[in-house]
Amino acid sequence: MMTFFRFSAPKHLKKLALLTLLAAPMADAKVLKSHVKSSQELEYGLVLFEFFQQRFFPALVENSYAVAINNSLASSNQGQILKGGLMLSYGMADQSRELFEKLLETNTSELVRNRAWYFLAKFYYNKSDIANADKALSHIKGELPGDINFDYHYLKTLVKSRSSLSTLADLKLDKSVTSAEQYPYLLFNVAIGQLRKGDLVSAVKNLEEVASYNGGIEEYTVLADRAKLGLTQLAMQKGLFQQAWSYLTQIRTTGLYSNRALLNYAWAAIKIKRFPDATAALKLLNQRSIASPEVQEAKVLLAHLYEQEGSPRKALKANLVSIKEFKVGVEMVETARNIIDKKNVPEEFITNMQAIMDDSDWHSATPNVDYKSLTPFLIDLMASNPFNETLKELADLYSLRVNLNYWLTQANEHLIIVNNATKKAFDERSKQFINDSVRLNDEFANTKQELNLMNLSLDEDDQERIDILLKSTSDELSLLDGKVELFKTLEDVYTQPAAYKSELEELHRRIRVLLQKTELNIVKLEPVMRSLVKAELDKHEERMNYYWAQSRLAKARLYDTTLSTLRDAQRDIKDEK
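Quick caveat, the model's predicted, so the values are computed rather than measured.

Cut-offs applied
Residues numbered from 1 in each chain as written. Predicted model: local features only at pLDDT ≥ 70, side-chain atom pairs only at ≥ 80, totals over all residues. Heavy atoms only, no water. Helix = DSSP H or I, 4+ residues; strand = E, 2+ residues; numbered from the N terminus. Buried < 20%, exposed > 50% of the residue type's maximum accessible area, 1.4 Å probe, protein only. Contact = heavy atoms within 4.5 Å. Areas by Shrake-Rupley, 256 points an atom, 1.4 Å probe, with all protein chains shown as cover. Phe/Tyr/Trp six-rings, centres within 6.5 Å; stacked < 30°, edge-to-face > 60°. Lys NZ or Arg CZ within 6 Å of the ring centre and 35° of its normal. Patch = residues over 30% accessible without salt bridge, like charges linked within 9 Å, V, L, I, M, F, W, Y side chains within 5 Å. Salt bridge = Lys/Arg side-chain N within 4 Å of Asp/Glu carboxyl O. Lys, Arg positive; Asp, Glu negative; His and termini not counted. Charge placed at Lys NZ, Arg CZ, Asp CG, Glu CD. Axes fitted to C-alpha atoms, helices over the stretch in contact; angles between N-to-C directions. Parallel < 35°, antiparallel > 145°, perpendicular 65-115°, else oblique. Left-handed = near helix turned anticlockwise from the far one by under 90°. Nonpolar A, V, L, I, M, F, W, Y, C, P; charged D, E, K, R; others polar. Arc of directions from axis to C-beta. Expected span 1.5 Å × (residues − 1).

## Overview of the overall build of the chain
Check the secondary structure of the chain and you find 26 helices and 0 strands. For the chain, the residues scored as buried account for 36% of the 577 residues in total. Partitioning the contacts of the chain with sequence separation of at least 6, the portion at a separation of at least 24 is 66%. Of the roughly 35600 Å² that the chain leaves accessible, carbon and sulfur atoms contribute 55%.

This is the structure we're talking about:
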């Protein structure tokens, strides 16, 4: 969430800066001194690089390689802690717990122990074992490692808000936490915990502070919208509709929470008798995707609002339009089911998920592409931890399959290289070739002197062209000389170990076995992903069928009312005659 600024400096300042950079090495040689103390740090740096990129599987692979080559950093307590954190982030919860408990049994430093207890608490929290998570956090005493300081406080707010503790007052936040960029998220969690404990005053105060964050940063703006929406719902529950109205008018009409905000806006407007404002909000919602629950409710509510204000014709029209759109919505659910049933959809969906989510304002637009037909129905599902874990594991399995298939296609090429290597020979012909190369090099050295003398008699332009050709040829021959000198020292070609070919064939066999296991795991996990999606689609279909039935009943009632009114009018006319 950092913002970078770019500016253009005057030319004389750029020249001065360039001269300063050029002069720096001469002024102070320490500037060029590397902070890397050993080659092991460079090797272990690959693990850290993948870790900070949040690519946990590659980080685990690099860590395994570092351990295999006896890297002391990977085998240290700090390295084991990082490995446990990687395993926990990757989903290997039981293995990470065993590693942390083993570390805590040994005599380790305070920083290492605090880090281990933190990851152990995180493990229990992910398992929904709040009591043990809280117990693990209580063991953290003294100094905390800087890189997990904020994460520790963030986890503590989650655990305390879900535990049986009565308050969050004992949560002390130092300046390093309150000044962090992620602090608004922590404050939001504190407010939610206070709401669960019944501390409404403190919760409202913290939510209002979160609502004040924006600063032009989209993440802050979305979080602020969510806080304002929460304040709105609290105010409406207390019957403070004017206060709710003031919060609602500050929420954007676009964005992730715009649909809920517009629906609450309409309800608040109805409560304070501002029916035109409610109608405007509901009309805006009616233009959005039928897949959204708020849009479905808005369609029924708009027709009901027209009916209450005494406009039966508008109400009837709104119901007729709703009936037609609910039918389309149910068909969209069926289309989404057909999409998820296709053979390659899980892999394609995961591969393109980021593009699908970022491509357009899908939460307020009607989808028109196959995968976008799925997206509006999966908003709530995307936020669930089990679904995200399933997608992450499937994505890793797909990556494994791609890599294993690639190495399997290389198997034949490996064998060709090995077989050809056995045919190499260093015989008399090779030695003669080396001798010929030496002789030709000597001849060219003599010829080069003659060409340089002849070149002096040419024009300057011709001399320049000849010099370029001579230099290029000399460079090529210098490279060849280096290889020739190397060959002169050889007595025979490199001979591969006798067991090399069999080891390579065994490696290819292992690749095929691993590929079979990967395919088997994919076959087991894909139905889980499909079943989660289908269960979510069932919820959408059930809700739309309910609203669809409500619209049809309203239409029938309005038709009956209209017919009754017409019969009464006809009877009155007949009586008058």
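## What about the packing of aromatic side chains?
Here a ring pair, both rings aromatic, is described through the centre-centre distance and the interplanar angle of the planes. Counted under the stated rule, the structure contains 8 aromatic pairs. Pairwise contacts between aromatic rings join Phe326, Tyr546 and Tyr547 into one cluster. Its end group placed over the ring of Trp548, Arg552 keeps NZ or CZ at 4.7 Å from the ring centre.

## A closer look at a negative patch on the surface
Taken together, Asp459, Glu460, Asp461, Glu464 and Asp467 make up a surface patch of like negative charges. Among the secondary structure elements, Asp461 is positioned in helix H25 (residues 460-488). On the basis of relative accessibility, which here comes to 53%, the residue Asp461 falls in the exposed class.

## Examining the side chain of Asn319
Tracing the chain through its elements places Asn319 in helix H18 (residues 312-341). Classification of Asn319 by relative accessible area gives buried; the value is 2%. When near neighbours in sequence (up to four residues on either side) are disregarded, Asn319 contacts Ala303, Ser551, Ala554, Lys555 and Leu558.

## A short note on the packing of helix H17 (residues 293-308) against H18
It is at 7 Å that the axes of H17 and H18 come closest, and there the two elements cross at 165 degrees. With respect to each other, H17 and H18 are oriented roughly antiparallel. The chirality of how H17 crosses H18 is left-handed. The segment H17 lies against H18, with Gln296, Lys299, Val300, Ala303, Tyr306 and Glu307 engaging Lys314, Ala315, Ala318, Asn319, Ser322, Glu325 and Phe326.

## A look at the pattern of salt bridges
When their charged atoms lie close together, side chains carrying opposite charge are able to pair. One pass over the full model with this rule turns up 13 salt bridges. Its salt-bridge partner being Arg260, residue Glu294 comes within 3.5 Å of it at the nearest N-O pair. Separated by 34 residues along the polypeptide, Glu294 in helix H17 and Arg260 in helix H15 (residues 258-271) bring together distant segments of the chain. Its relative accessible area of 14% is what places Glu294 among the buried residues. Across the pair Arg557 and Glu307 runs a salt bridge whose closest N-O atoms are separated by 2.7 Å. Taken together, the positions of Arg557 in helix H26 (residues 500-576) and Glu307 in helix H17 put the pair 250 residues apart, joining distant regions of the chain. Salt bridges sharing partners connect three or more residues here, namely Glu334, Arg337, Asp538 and Glu541.

## Some words on the packing of helix H11 (residues 183-196) against helix H13 (residues 218-237)
Remark: H11 packs on H13, axes separated minimally by 11 Å, with the N-to-C direction vectors making an angle of 15 degrees. As judged from the angle between their axes, H11 and H13 are roughly parallel. In terms of crossing hand, the pair formed by H11 and H13 is left-handed. Each of Pro184, Tyr185, Phe188 and Leu195 in H11 lies in contact with H13, whose residues at this interface are Glu219, Tyr220, Leu223, Arg226, Ala227 and Leu234. Among the residues making up the contact of H11 with H13, the classes are represented as 8 nonpolar, no polar and 2 charged.

## Quick notes on unusual backbone geometry
Backbone geometry at Asn70 places phi at a positive 60 degrees, although glycine is not the residue there. By the element assignment, Asn70 lies in the loop between helix H3 (56-68) and helix H4 (72-75). Despite not being glycine, Lys273 shows a phi value in the positive range, around 65 degrees. Of note, Lys273 is situated in the loop between H15 and helix H16 (275-286).

## Remarks on the environment of Ala303
Along the chain, Ala303 falls in helix H17. A residue is classified by how much of its surface remains accessible, and Ala303, at 2% relative accessible area, is buried. Ala303 sits 19 residues away from Ser322 along the chain, and the two C-alpha atoms are 8.6 Å apart. Filtering out sequence-adjacent residues up to four positions away, Ala303 remains in contact with Ala315, Ala318 and Asn319.

## A few points about helix H14 (residues 241-248)
Those residues of H14 that fall on the buried side of the exposure criterion are Ala244, Trp245, Tyr247 and Leu248. All buried residues of H14 project into a common sector of 160 degrees when viewed along the axis, lining one side. Packing partners of the buried residues in H14 comprise helix H12 (200-211), H13, H15 and H16.

## A few points about the environment of Asp277
Tracing the backbone through its elements, the reader meets Asp277 in helix H16. Distance in space between the C-alpha atoms of Asp277 and Tyr265 is 8.3 Å, their sequence separation being 12 residues. When near neighbours in sequence (up to four residues on either side) are disregarded, Asp277 contacts Trp245, Tyr265 and Ala269.

## Thoughts on H16
For H16, built from 12 residues, the straight-helix expectation of 16 Å at 1.5 Å per residue is met to within 8% by its first-to-last C-alpha distance of 16 Å. Along H16, the residues classified as buried are Ala278, Thr279, Ala281, Leu282, Leu285 and Asn286. Buried residues of H16 fall within an arc of 165 degrees about the axis and therefore sit on the same side. Residues of H16 that are buried in the fold lie against H15, H17 and H18.

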